[in-house]
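# Residue-level structure breakdown
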Amino acid sequence: MRKALNKKHIFVLVGSLIVLGLVYLLGYQLMVKPQKSEADSLHSQVSMFEKQVTASNGEMEEDVAEDFTTITQLIPNHLAMDSLLREIQKLANSNDIRIDYIGAMNGNTEDTDVTEEETTGVEEATYTMEVTGESVEKVNQFLDALLEGERLITIETLNLNQDGDSLFASISFSTYYAE
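The structure displayed is predicted, hence computed values, not measured ones. Once a new chain begins, its residue numbering starts again from 1 and follows that chain's sequence as written. Local features in this predicted model are restricted to residues of pLDDT 70 or higher, and side-chain atom pairs are both shown and tallied only at a pLDDT of 80 or more, whereas totals for entire chains, interfaces and linings draw on every residue. As a rule here, side-chain values come from all non-hydrogen atoms in the structure, and water together with hydrogens is ignored.

Of regular secondary structure, the protein chain possesses three helices and five strands. Counting from the N terminus, the helices are the DSSP runs of H or I reaching at least four residues and the strands are the DSSP runs of E reaching at least two. Moving toward the C terminus, one meets the helices and strands of the protein chain in the order α-α-β-β-β-α-β-β. Here the protein chain, with 179 residues, has 21% of them falling under the buried criterion. Sequence separation of at least 24 residues holds for 68% of the intrachain contacts in the protein chain that already meet a minimum separation of 6. Reported accessibility uses the Shrake-Rupley method at a 1.4 Å probe radius. Residues are deemed covered only where the shown protein chains occlude them. As presented, the protein chain carries roughly 13,200 Å² of accessible surface, and 57% of it is formed by carbon and sulfur atoms. The buried label applies to any residue whose accessible area, calculated with a 1.4 Å probe on protein chains only, is under 20% of its type's maximum; exposed applies above 50%, and partly exposed to all values in between. When checking whether two residues touch, look at their non-hydrogen atoms; a contact exists if any pair is within 4.5 Å.

Side chains of a nonpolar character, in soluble globular proteins, are inclined to be buried together. If you look at the biggest cluster of nonpolar residues, it comprises 21 residues, and the most contacted ones within it are Ile88, Tyr127, Met129, Val131, Phe142, Ile171 and Phe173. Listing elements by their share of this core, those giving two or more residues are α2 (81-94), β3 (122-133), α3 (136-147) and β5 (166-178). Excluding anything up to four places from it in sequence, isoleucine 88 contacts Ile99, Ile102, Met129, Phe142, Leu146 and Phe173. Side-chain atoms within 4.5 Å link the members of a nonpolar core, which is a set of buried Ala, Val, Leu, Ile, Met, Phe, Trp, Tyr and Cys residues.

Before going further, it helps to examine the pattern of salt bridges. Salt bridge criterion: a side-chain nitrogen from Lys or Arg within 4 Å of a carboxyl oxygen from Asp or Glu. For the coordinates displayed, the defined rule picks out three salt bridges. For the salt bridge of aspartate 82 with arginine 86, the shortest nitrogen-to-oxygen distance reads 3.9 Å. Placement of both aspartate 82 and arginine 86 in helix α2 is noted, with a separation of four residues, approximately one turn of the helix. A salt bridge links aspartate 96 to lysine 138; its shortest N-O distance comes to 3.2 Å. Residue aspartate 96 is located in the loop between α2 and β1 (97-104), and its partner lysine 138 is located in helix α3; the two are separated by 42 residues in the primary sequence. On the accessibility criterion, aspartate 96 (43% relative accessible area) is partly exposed.

Our focus in this paragraph is the pairing of β5. At least two bridges found by DSSP between two strands are what make those strands a pair. Note that β3 and β5 share twelve bridges and pair antiparallel. Along β5, the bridge assignment pairs threonine 132 with phenylalanine 168. Between the antiparallel neighbours strand β4 (residues 153-163) and β5 lie two residues, among them glycine 164 with a positive phi of about 65°.

Once that is clear, we can look at the pairing of β4. Here ten bridges tie β4 to β5, and the two strands are oriented antiparallel to one another. Residue pairing in the sheet places leucine 158 in a bridge with isoleucine 171 of β5.

Our next topic: a nonpolar patch on the surface. Among the surface-exposed residues, Leu5, Ile10, Val14, Ile18, Leu22, Tyr24, Leu25, Leu26, Tyr28, Leu30, Met31 and Val32 lie close enough to one another that they form a single nonpolar patch of about 1,200 Å² accessible area. Topologically, valine 14 is positioned in helix α1 (residues 7-73). Patch criteria: residues need more than 30% relative accessible area and no salt bridge. Like-charged residues are merged within 9 Å; nonpolar side chains of Val, Leu, Ile, Met, Phe, Trp and Tyr are merged within 5 Å.

Turning our eyes to something else, we now look at the confidence of the model for the protein chain. Confidence per residue, as judged by the predictor, is encoded in pLDDT with a range of 0 to 100. For the protein chain, the mean per-residue pLDDT works out to 82, and 81% of the residues sit at or above 70. Mean pLDDT in the protein chain bottoms out at strand β2 (residues 116-117), which sits at 42, and peaks at β1, which reaches 92.

With twelve residues, α3 should cover 16 Å at 1.5 Å per step; its first-to-last C-alpha distance of 16 Å lies within 8% of that length. Taken together, the buried positions of α3 are occupied by Val139, Phe142, Leu143 and Leu146. Buried residues along α3 cover an arc of 95° about the axis, so they all sit on one side. If you follow the buried residues of α3, they end up packed against α2, β1, β3, β4 and β5. By definition here, a helix of n residues has an expected span of 1.5 Å times n minus one. Of all possible arcs, the one meant is that of the directions from the helix axis to the C-beta atoms.

Take a look at the structure:
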């Protein structure tokens, strides 16, 4: 049996379809569209961060290569103790520092082996030095010049004693060379 649809049923049916359409559009606008725009935003942020990471990795590799080149230029091919002593004496004279004593620790000479890092082929020679200067500023200038010199030098220990008008410093430092 088929019943005829009257006007009231058609209005209810059309009204229901309109309400359903409005609920769908409202749900899309309130739920789906914000999620989609957030996902697009996150995607663009991820791609931006990937670009930054790629750029920073390239810069970091360049920086490491530059640092390695700079350090290898500071490491001579042999111990050359005489040139080291001349360099230290020249720095001491230019900073009004008197060298009281300088000596190699553990018998480091040009004929003996010293501590070696086998992976790099770089060897270390350690020295002690006692100096006297007029002031802390003069000794600091000497130490800065020593660290900024032609060789790679690391200061292991530094002991300072003030005695009247002069400052006495005992310094233990290491130099490096490739053999």
